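The lines below spell out each chain.
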Amino acid sequence: MLTQAPKGTKDIFGAEMQIWHDIEGKMREICSNFGIEEIRTPIFEHTELFLRGVGDTTDIVQKEMYTFNDKGNRSITLRPESTAGVARAYIEHGMHNNAQPTKLYYIAPTFRYEKMQAGRQRQFHQFGIEMFGSYSPALDAEVISVAAQLIEKLGIESIQLKINSLGCPECRAKYNKLLREFIGDNLDNLCKECKDRYERNPLRVLDCKEEGCKKIIENAPEILDCLCDECKDHFETLKAILDEMGIKYVVDPQIVRGLDYYTRTVFEFVTTTIGAQGTVCGGGRYDNLIEEVGGPKTGAVGFGLGIERLILTLKAQNGEIEYKPERDIYIGSIGKKGFVKSQAVTLALRKAGIVAECDTVGRSVKAQMKYANKIGAKYSLILGDDEVDNDSISLKNMETGEVEALKLSELEAKMKEIFK
Ligand code: ATP
Ligand code: MG
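Per-chain numbering applies: the sequence of each chain, read as written, is numbered from 1 onward. Here chains are named by letter from A upward and ligands by number from 1 upward, in the order in which they appear as written. Predicted model: local features are reported for residues with pLDDT of at least 70 only, side-chain atom pairs are reported and counted for 80 or more only, and whole-chain, interface and lining totals are derived from all residues. Only hydrogens and water are set aside; all other atoms, that is, all heavy atoms of the structure, feed into the side-chain values.

A. Spotlight on empty space enclosed by the protein. Each cavity reported here is a set of points on a 1 Å grid over the protein atoms alone in which a 1.4 Å probe fits but cannot get out, each pocket an open set with protein on both sides within 12 Å along at least five of seven lines, and each lining residue one with an atom within 4 Å of a point. Grid points are joined across faces, edges and corners, and a volume is the space filled by probe spheres set on the points. For the structure shown, the criterion picks out two cavities of 30 Å³ or more. One number sums up the size of the largest cavity: a volume of about 50 Å³. L166, R172, N201, L203, R204, V256, R257, L259, D260 and Y262 are the residues that line the largest cavity. Grouping the amino acids of the lining of the largest cavity by side-chain chemistry returns five nonpolar, one polar and four charged. T41, P42, E45, F50, R79, E81, S82 and G85 together form the lining of the second largest cavity. Gly falls in the polar group here, along with every residue not listed as nonpolar (Ala, Val, Leu, Ile, Met, Phe, Trp, Tyr, Cys, Pro) or charged (Asp, Glu, Lys, Arg).

Shown next, in the form of structure tokens:
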């Protein structure tokens, strides 16, 4: 117990951390290009926010939340997604009073009590975008293009974009009626959850992973045939913009998304290379959410992208990456005077932007050189009494073995010349 992380959680370090830094760097760079600002919301919120904001017919609310009472007896929930918290912050800070749209992104640990399987963790990380303040399909296209751009920048080829429209509440009512009629006598054969969905939100039956339910709805009517003129126009314009942007997609009427709050556009980026949990990114428009959690009626679009699944997809394509540590220079030492001096020389180099390392363990000279190799030092030198007293050192190129005589006082300038 003591030496094992809780089920469904993972430590991230070493080679893995390099991938995370690379991916997060690209996310931040892209968001900066798109004028999307970072927001950091609390890891926990009032439970009520998720009941209202995520919807109480969803798997998340019904089964997956980490909910507890704090010492003040308030019901608190670790965020199972970030949209509700960002929407809360948007209202709380009056962001709707600013010139719209408001464009926000987050990179956030997220918590769901899930059954353990490949691609599912209990603490995972999402990169997400939320854009508020416009009903135009241009905003849908902009949000989608952020994810498409990230996937392109990472060079991932196996991910496909699927889009659909769920229409407005009127289209949905029309479709729900059709779908209930279609399921008709088969109601008894649906799984227990879908029987409940049939009553409360029949559209979500399309999202069921049970084989039995999948079969029943195989030839179900399509929601796209139930769209009103405005919703139809919205979807057509979105497709025209994506076409013009050169973003490839397929229309998939089975995409309905697990959350209750979506309206009109929904989309997923999926891959077949990482097993059954192949949805890397999911999102859509949610024009009713801000009102639902207490703000003014506001058009909004966003997505949540699972970073662990994105990394699984990357590795499925490129294989594991090797961890190669690197340092610019190792300042070895012999004797007390050299040892003390080496600490200060190393600090001075680090301040100058050189990746320097020295002995902080008390190794023998031989062991120090072995260590310098291990950490990938490109240069090394040894400081002893003579070197310090006479201001003279031998700088060794660890790759070629070449040695150059130098003044210790000139080392910083020399290193800068090599590494800048
Ligand atoms: P799924 O169908 O896989 O359960 P979901 O609809 O619950 O997904 P969303 O709420 O849309 O997922 O979350 C967005 C993304 O976050 C998913 O597409 C996925 O990449 C990632 N994600 C969701 N749950 C997990 C989890 N338990 N572990 C790892 N990643 C997850
Ligand atoms: Mg889920």
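B. Region of interest: the domain arrangement of the protein chain. The domain boundaries here were taken from an automatic or database domain assignment. Taken as a whole, the protein chain is organised into domain 1 (14–168 + 228–318) and domain 2 (327–418). Just the C-alpha atoms count here: the centres of domain 1 and domain 2 sit 49 Å apart.

C. Representation of the site of ligand 1. When we say a residue is near a molecule or strand, we mean one of its heavy atoms is within 4 Å of it. Inspection of the region around ligand 1 gives 15 residues, with R112, E114, R120, Q121 and R257 positioned closest. Polar contact is the term for a pair of N or O atoms within 3.5 Å; when the atoms are in protein, one must be able to donate a hydrogen and the other to accept it, and sequence-neighboring residues count only if both atoms are side-chain atoms. Within the side chain of Q126, a nitrogen or oxygen atom sits 3.0 Å from an oxygen atom of ligand 1. In this structure, an oxygen atom belonging to ligand 1 sits 3.0 Å away from a side-chain N or O atom of R309. Every accessible area reported is derived by Shrake-Rupley at a probe size of 1.4 Å, with residue values counting cover from the shown protein chains alone. Computed on the free molecule, ligand 1 has an accessible area of 590 Å², of which 90% lies beneath the protein chains in the complex. In DSSP terms, a helix is any run of H or I states spanning at least four residues, a strand is any run of E spanning at least two, and both are numbered starting from the N terminus. Considering every element that reaches the shell around ligand 1, the biggest residue donor is strand β10 (residues 279–285), with three residues. Counted by class, the shell around ligand 1 contains three nonpolar, six polar and six charged residues.

D. Layout of the packing of aromatic side chains. Stacked, tilted and edge-to-face are the three classes applied to pairs of Phe, Tyr and Trp rings, where Trp contributes its six-membered ring and a pair requires centres within 6.5 Å; stacked means planes under 30 degrees apart, edge-to-face means over 60, and tilted covers the rest. In total, this model carries eight aromatic pairs according to the counting rule given. When the ring of Y90 is compared with that of F132, the centres are 4.3 Å apart and the planes differ by 25 degrees; the resulting orientation is stacked. Highlighted residues: Y90 in helix α4 (residues 83–92) and F132 in strand β6 (residues 123–132), separated in sequence by 42 residues. When the ring of F132 is compared with that of Y286, the centres are 6.3 Å apart and the planes differ by 80 degrees; the resulting orientation is edge-to-face.

E. Region of interest: the pattern of salt bridges. By salt bridge we mean one thing: a side-chain nitrogen of Lys or Arg within 4 Å of a carboxyl oxygen of Asp or Glu. Under the defined criterion, the tally for this structure stands at 33 salt bridges. Between E236 and K239 there is a salt bridge, with its nearest N and O atoms 3.3 Å apart. Placement of the pair is E236 and K239 together in helix α9 (residues 229–245), with a separation of three residues, close to one helical turn. In this structure, R327 and E357 form a salt bridge, with 2.8 Å as the shortest nitrogen-oxygen distance. Residue R327 is located in strand β12 (residues 327–333), and its partner E357 is located in strand β13 (residues 356–358); the two are separated by 30 residues in the primary sequence. The buried label applies to any residue whose accessible area, calculated with a 1.4 Å probe on protein chains only, is under 20% of its type's maximum; exposed applies above 50%, and partly exposed to all values in between. Here R327 falls in the partly exposed class, since its relative accessible area comes to 21%. Classification of E357 as buried rests on a relative accessible area of 16%. When salt bridges with common partners are traced through the structure, they connect D59, K63, E193 and R197 into a single cluster.

F. View of the packing of helix α5 (residues 137–153) against α9. Two elements in contact, α5 and α9, have axes separated by 9 Å at closest approach and are oriented at 45 degrees. If you check the angle between α5 and α9, you find them oblique. The hand of the α5/α9 crossing is right-handed. From α5, P137, A138, D140, A141, I144 and S145 reach across to α9, where they touch H234, T237, L238, I241, L242 and M245. For the contact of α5 with α9, a count of residues per class yields eight nonpolar, three polar and one charged. For helices, the axis comes from a line fit to the C-alpha atoms of the stretch in contact; other axes are also lines fit to C-alpha atoms, and the angle between any two N-to-C directions lies between 0 and 180 degrees. Working definition: roughly parallel below 35 degrees, roughly antiparallel above 145 degrees, roughly perpendicular at 65 to 115 degrees, and oblique for all remaining angles. Note: crossing handedness is left-handed where the near helix turns anticlockwise from the far helix by less than a right angle, and right-handed where it turns clockwise. We call two residues in contact when some of their heavy atoms are within 4.5 Å.

G. Region of the structure containing the sheet that holds strand β11 (residues 300–306). Whether two strands pair depends on DSSP finding at least two bridges between them. One open sheet holds the eight strands; their spatial order is β1-β5-β6-β11-β10-β9-β7-β8, and the pairing between them is mixed. Single-partner strands in this sheet number two, and they are β1 (37–38) and β8 (250–251). Note that strand β7 (residues 160–165) and β8 share two bridges and pair parallel. Bridge assignment links K162 to a residue of β8, and that residue is V250.

H. Structural view of the environment of E114. One can find E114 in the loop between β5 (102–111) and β6. For E114, a relative accessible area of 10% corresponds to the buried category. Sequence separation between E114 and S380 is 266 residues; the distance between their C-alpha atoms is 50 Å. E114 has contacts with E64, R120, Q121 and R122, leaving out every residue within four places of it along the chain.

I. Main features of helix α1 (residues 14–34). One less than the number of residues in a helix, times 1.5 Å, gives the span that helix is expected to have. Helix length check: α1 (21 residues) gives 31 Å between terminal C-alpha atoms against 30 Å at 1.5 Å per residue, within 8%. Restricting attention to buried positions, one finds in α1 the residues A15, I19, W20, I23, E24, K26, M27, I30 and C31. Against the buried residues of α1 lie β5, β6, α5, β11 and α11 (307–318). Looking one or two residues beyond α1, the residue adopting positive phi is G35, at roughly 70 degrees.

J. Structural context of the pairing of β7. Across six bridges, the pairing between β7 and strand β9 (residues 263–270) is antiparallel. Residue S165 lies in a different strand from β9, and its bridge partner there is T265.

K. Representation of the side chain of Q121 in the model. When you line up the elements, Q121 lands in the loop between β5 and β6. In terms of polar contacts, Q121 uses its side chain to reach the backbone carbonyl oxygen of Q123, at 2.9 Å.

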